[in-house]
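Chain by chain, the residues:
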Amino acid sequence: MTIDTAGTTTALDQHRERNADRDAIEAVQKRIANAGVEYIYYQAVTVNGRVIGKVVPAEHLLRNVEKGVNMHRTVMADFQVDRAGNLLGGGTEAAEFTAIPDLDTFAVLPWDPSVGRFFCRLYEPEHRPEVGGRPLATDVRGNLVRLHEDFTARTGLTLRTGCEPEMTWSGPGLEVHHRPDDSPAYRVDLLERSRPIYQKVISYAKALGLDMIEGDYEDPGQIELNWMFDHADLTADRLVTYRQLCRQVARELGIKASFMPKPATGMMGNGCHHNLSLWRGEENVLEEPGRRELHLTETGLHALGGILTHAAASMAVMGPTVNSYKRYWDSGQFAPSQINWGKDNKTCTVRLSANGRLEFKLPDAMVNPYLSHAVLIAAISDGLENRIDPGPPQQGSSYSSGSDAPRFTPLPLNLGEALQVFNTDPVVKAAIGEETAELYYAYKWDEWARFCGVVTDWEHTMYAEDTP
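Just so it is clear, the structure is predicted and the values come from calculations on it, not from any experiment. (Residues numbered from 1 in each chain as written. Predicted model: local features only at pLDDT ≥ 70, side-chain atom pairs only at ≥ 80, totals over all residues. Heavy atoms only, no water.)

Let us look at helix α6 (residues 195-207). Working note: α-helix, 3.6 residues per turn, so residues spaced by three or four point in the same direction. A rise of 1.5 Å per residue sets the reference length of α6, with its 13 residues, at 18 Å; its end C-alpha atoms lie 18 Å apart and thus fit the reference within 8%. Among the residues of α6, I197, V201, Y204 and A205 are the ones counted as buried. Take α6 and look down its axis: the buried residues cluster within an arc of 100°, on one side only. (Helix = DSSP H or I, 4+ residues; strand = E, 2+ residues; numbered from the N terminus. Expected span 1.5 Å × (residues − 1). Buried < 20%, exposed > 50% of the residue type's maximum accessible area, 1.4 Å probe, protein only. Arc of directions from axis to C-beta.)

It is the contact of helix α8 (residues 298-309) with helix α11 (residues 369-386), at a shortest axis distance of 7 Å, that shows an interaxial angle of 125°. Considering the angle they form, α8 stands oblique to α11. Between α8 and α11 the crossing geometry is right-handed. Contacts between α8 and α11 involve T299, H302, A303, G306 and I307 from the former and L376, A379, I380, G383 and L384 from the latter. (Axes fitted to C-alpha atoms, helices over the stretch in contact; angles between N-to-C directions. Parallel < 35°, antiparallel > 145°, perpendicular 65-115°, else oblique. Left-handed = near helix turned anticlockwise from the far one by under 90°. Contact = heavy atoms within 4.5 Å.)

Tallied over the full model, the rule gives ten aromatic pairs. When the centroid spacing of 6.0 Å and the interplanar angle of 10° are considered together, the rings of Y441 and W445 count as stacked. Linking Y441 with W445, this pair stays in helix α14 (residues 434-452), spanning four residues, or about one helical turn. Relative accessible area serves as the criterion here: at 31%, W445 is assigned to the partly exposed category. In this arrangement the basic side chain of R160 is found over the ring face of W279, its NZ or CZ atom lying 4.1 Å from the centre. (Phe/Tyr/Trp six-rings, centres within 6.5 Å; stacked < 30°, edge-to-face > 60°. Lys NZ or Arg CZ within 6 Å of the ring centre and 35° of its normal.)

Another point: the environment of F259. With respect to the helices and strands, the residue F259 is situated in the loop between β11 (256-258) and β12 (272-280). Exposure remark for F259: the relative accessible area of 9% places this residue in the buried category. In the structure, F259 is positioned 35 residues away from E224 in sequence and 11 Å away in space, judged by C-alpha atoms. Among residues more than four places away in sequence, those in contact with F259 are E166, M167, R243, C246, R247, A365 and M366.

The next point concerns the side chain of E359. For E359, the location among the structural elements is in strand β16 (residues 357-360). At a separation of 2.9 Å, a polar atom in the side chain of E359 contacts the side chain of H273. With residues near it in sequence (within four places) discarded, E359 still touches E164, H273, H274, N275, T349, V350, R351 and S353. (Polar contact = N/O pair within 3.5 Å; in protein donor to acceptor, adjacent residues only side chain to side chain.)

The analysis is restricted to geometry; functional conclusions fall outside its scope.
As structure tokens, then:
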């Protein structure tokens with residue numbers, strides 16, 4: 001057993017002790033035997049939301065439950081080299097980290113039952129002086145788990161969320177024709193054309209533990225399929241799982257599955273709205289029992305005030321790509337254009353969509369759910385502690401030139417502006433941790449700088465033959 005410099009067992013040892021539970025191990029072994037699993041993915045998620053990991057033959061389960069697998073820590077920044085040639089996240093000489101599986105996340109892949117998977121939590125390798133066995137600072141999934149546990153310990157509350165994962169499918173037979181200035185949204189004929197997609201997606205999702213509840217067709221190629229809300233940590237895992245299985249369905253059907261936030265001008269963007277509620281035990285503290293008109297409790301108003309106060313700084317997380325901001329600029333397509341809230345008002349940043357539920361509309365389809373939920377928890381906590389007033393709800397469309405003047409910092413207009421605001425908000429940065437915040441900023445600023453240096457087709461159209 002490893003003892004840290006404070007003379008106590010490390011987080012890594014505590015995880016290994018949990019994994020020594022014979023009943024939990026035997027339950028996994030039984031599932032492996034019954035399904036005929038031969039290989040297991042030990043997977044984690046990077047700061048950019050990419051799934052990474054290793055594959056190990058299933059007969060090494062007991063070894064990996066204790067020892068885990070090791071990976072180079074720069075993988076947490078996707079092995080990205082910046083424009084100056086520097087490998088982000090520590091460079092080539094950076095130490096590896098140890099990934100230990102969470103036994104309760106084991107699942108068998110429904111499209112190939114010879115393969116199983118675990119989600120892992122990440123730790124400094126035990127041999128490193130002073131830091132050995134500590135949680136890896138850039139483990140976004142482990143950070144969310146710890147942050148949520150601390151929030152619950154301080155407030156007695158848990159955050160429950162559900163996501164709306166819009167995405168675009170394209171390929172042979174999926175082309176859509178509709179009248180100018182109308183929308184193909186909700187057309188059952190287009191759902192029927194997409195039947196092979198939604199049937200496979202729902203079937204695989206249910207097999208992987210997602211309680212699928214409904215779905216619809218929203219814009220050319222855009223399909224949204226939803227599952228039941230749950231503890232925020234589980235929702236984040238399920239969103240990552242959903243993206244993985246959608247990629248698999250696309251491979252099987254010979255089509256493309258894209259989570260690009262804004263596929264084309266004039267089309268609906270691919271959002272990933274986070275619907276959220278706060279619970280004390282089985283009591284939803286955002287609503288008053290028996291009260292039917294739309295309302296928020298005092299606790300709900302303060303939580304909302306925190307979300308709105310930190311919304312601008314959270315944009316670098318909620319809209320994480322250069323393309324994300326095209327979604328907010330394309331006015332009238334139901335994406336937010338200013339920071340406000342409203343009662344069943346679809347043009348606002350936060351919509352009180354039903355008693356006990358707030359819909360946060362900034363996140364898009366490429367959001368890292370571990371970062372977005374961490375930021376939400378921190379913003380809500382700040383709102384509760386400081387009793388932040390969200391102000392009155394927006395009346396009428398937020399897109400109208402006559403709408404009320406904003407009370408909060410305006411929405412950043414591009415990724416560069418969003419990163420600058422992100423860097424000024426200690427609450428948002430602390431939510432994801434200092435090292436992760438620095439790495440995320442460096443990664444995304446390099447992405448923004450690369451874009452700014454690229455000559456686009458639009459510029460050729462506008463300027464190539466414009467003068468004299």
